[in-house]
Amino acid sequence: MLMTYSQSYAVPPAAKEYQIKAVFLFNFVNFVSWPRSAFDNKSEPFSICVIGTDPFGIYLDFTTEGQTAKGGRGLKIKRLKDNVQDIRNCHILFISDSEQNNLNTILEKTRDLAILTVSDIDNFVKKGGMVKFFSRNNKIRLGINPDAIKAEGLIANANLLNLSQIIRP
């Protein structure tokens, strides 16, 4: 007996903007190096923080679930809402669009700390941030200020720099 069936090949939905940005945030863990002083001990988890309104929803949690950072460190996602005091415990800080009015204060609080600052706020890098997400030809791109990254004791991998638009304010 010959059995027949119909196969339906659905086109997968396009990845949502913040799904892609969540993957970028996770990958920064492997393409940026932090000084030992950024961690209290060898087992301290790597903290990816979001300050302000969280545009990622579940995407950031799903992207990092079950993953580890280089060196075998665990990963921890923290949502700070608007609590600038908790910034000190972050390794990557995504500054939400909702924090535009507080941007200068937030960037001042991260100064002299080994925290990679990331946002999609207009002119973010020109205002002192390190990595900006922007869209070109319907693709998420990166604008990076390597001088700002280096000034905080971080080292951006050459592959990351090659994929990015270098911006020096």
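Residues numbered from 1 in each chain as written. Predicted model: local features only at pLDDT ≥ 70, side-chain atom pairs only at ≥ 80, totals over all residues. Heavy atoms only, no water.

**Re the sheet that holds strand E4 (residues 92–95)**
Pairing between the strands of a sheet comes from backbone hydrogen bonds, and it takes one of two forms, parallel or antiparallel.
Argument step 1. Spatially, 7 strands are ordered E3-E2-E4-E5-E6-E7-E9 in an open sheet, and the strand pairing comes out mixed. This sheet does not close on itself; its edge strands, each paired only once, are strand E3 (75–81) and strand E9 (165–166).
Argument step 2. Summarising the sheet, strand E2 (residues 46–51) and E3 pair through 6 bridges and their orientation is parallel. Residue pairing in the sheet places Ile-51 in a bridge with Lys-81 of E3.
Argument step 3. Contacting E2, E3, E4, strand E5 (116–119), strand E6 (131–136) and strand E7 (139–144), helix H1 (residues 17–31) crosses the sheet at an angle of about 40 degrees to E7.
Argument step 4. Contacting E2, E4 and E5, helix H3 (residues 103–110) runs over the sheet at an angle of about 175 degrees to E4. (Pairing = 2+ DSSP bridges. Helix = DSSP H or I, 4+ residues; strand = E, 2+ residues; numbered from the N terminus. Contact = heavy atoms within 4.5 Å. Axes fitted to C-alpha atoms, helices over the stretch in contact; angles between N-to-C directions.)

**Quick notes on the pairing of E6**
Argument step 1. Where E5 and E6 come together, 2 bridges link them in parallel fashion. Each residue of the ladder has a partner; that of Ser-119, found in E6, is Lys-132.
Argument step 2. Across 6 bridges, E6 lies against E7 in antiparallel orientation. The partner of Arg-136 across the bridge, within E7, is Lys-139.

**What to know about the packing of aromatic side chains**
Argument step 1. One pass over the structure, following the stated rule, counts 8 aromatic pairs.
Argument step 2. With a centroid separation of 4.7 Å and 85 degrees between ring planes, the pair formed by Trp-34 and Phe-46 is classed as edge-to-face. Taken together, the residues Trp-34 in the loop between strand E1 (32–33) and E2 and Phe-46 in strand E2 connect sequence positions 12 residues apart.
Argument step 3. Judged by relative accessible area, Trp-34 falls into the buried class, the value being 13%.
Argument step 4. For the ring pair Phe-94 and Phe-133, a centre distance of 6.3 Å and an interplane angle of 35 degrees mean the geometry is tilted. Of the two residues, Phe-94 is situated in strand E4 and Phe-133 in strand E6; the sequence distance between them amounts to 39 residues. Across this residue pair, the class does not change: Phe-94 and Phe-133 are buried.
Argument step 5. An aromatic cluster is built from Tyr-18, Phe-24, Phe-28, Phe-56, Phe-94 and Phe-133, whose rings are joined through pairwise contacts.
Argument step 6. Here the basic side chain of Lys-21 rests over the ring of Tyr-18, its NZ or CZ set 4.5 Å away from the ring centre. (Phe/Tyr/Trp six-rings, centres within 6.5 Å; stacked < 30°, edge-to-face > 60°. Buried < 20%, exposed > 50% of the residue type's maximum accessible area, 1.4 Å probe, protein only. Lys NZ or Arg CZ within 6 Å of the ring centre and 35° of its normal.)

**A closer look at the side chain of Glu-152**
Argument step 1. Inspection of the secondary structure assignment puts Glu-152 in the loop between helix H4 (146–151) and strand E8 (155–156).
Argument step 2. Lacking a salt bridge, the buried Glu-152 has Arg-111 as its closest oppositely charged neighbour, with an N-O distance of 5.2 Å.
Argument step 3. Dropping the residues within four chain positions of it, Glu-152 is found in contact with Thr-110, Arg-111, Asp-112, Leu-113, Ala-114 and Met-130. (Lys, Arg positive; Asp, Glu negative; His and termini not counted. Salt bridge = Lys/Arg side-chain N within 4 Å of Asp/Glu carboxyl O.)

**Some thoughts on H1**
Argument step 1. In this model, H1 (15 residues) spans 21 Å end to end at C-alpha, consistent with the 21 Å of a helix rising 1.5 Å per residue.
Argument step 2. Listing the buried residues of H1 in full gives Tyr-18, Lys-21, Ala-22, Leu-25, Phe-26, Phe-28 and Val-29. On an axial view of H1, the arc spanned by its buried residues comes to 140 degrees, and they lie on one face. (Expected span 1.5 Å × (residues − 1). Arc of directions from axis to C-beta.)

**Digging into the side chain of Ser-164**
Argument step 1. Mapped onto the fold, Ser-164 is located in the loop between helix H5 (158–162) and E9.
Argument step 2. Relative accessible area serves as the criterion here: at 12%, Ser-164 is assigned to the buried category.
Argument step 3. Filtering out sequence-adjacent residues up to four positions away, Ser-164 remains in contact with Leu-142 and Ile-144.

The analysis is restricted to geometry; functional conclusions fall outside its scope.
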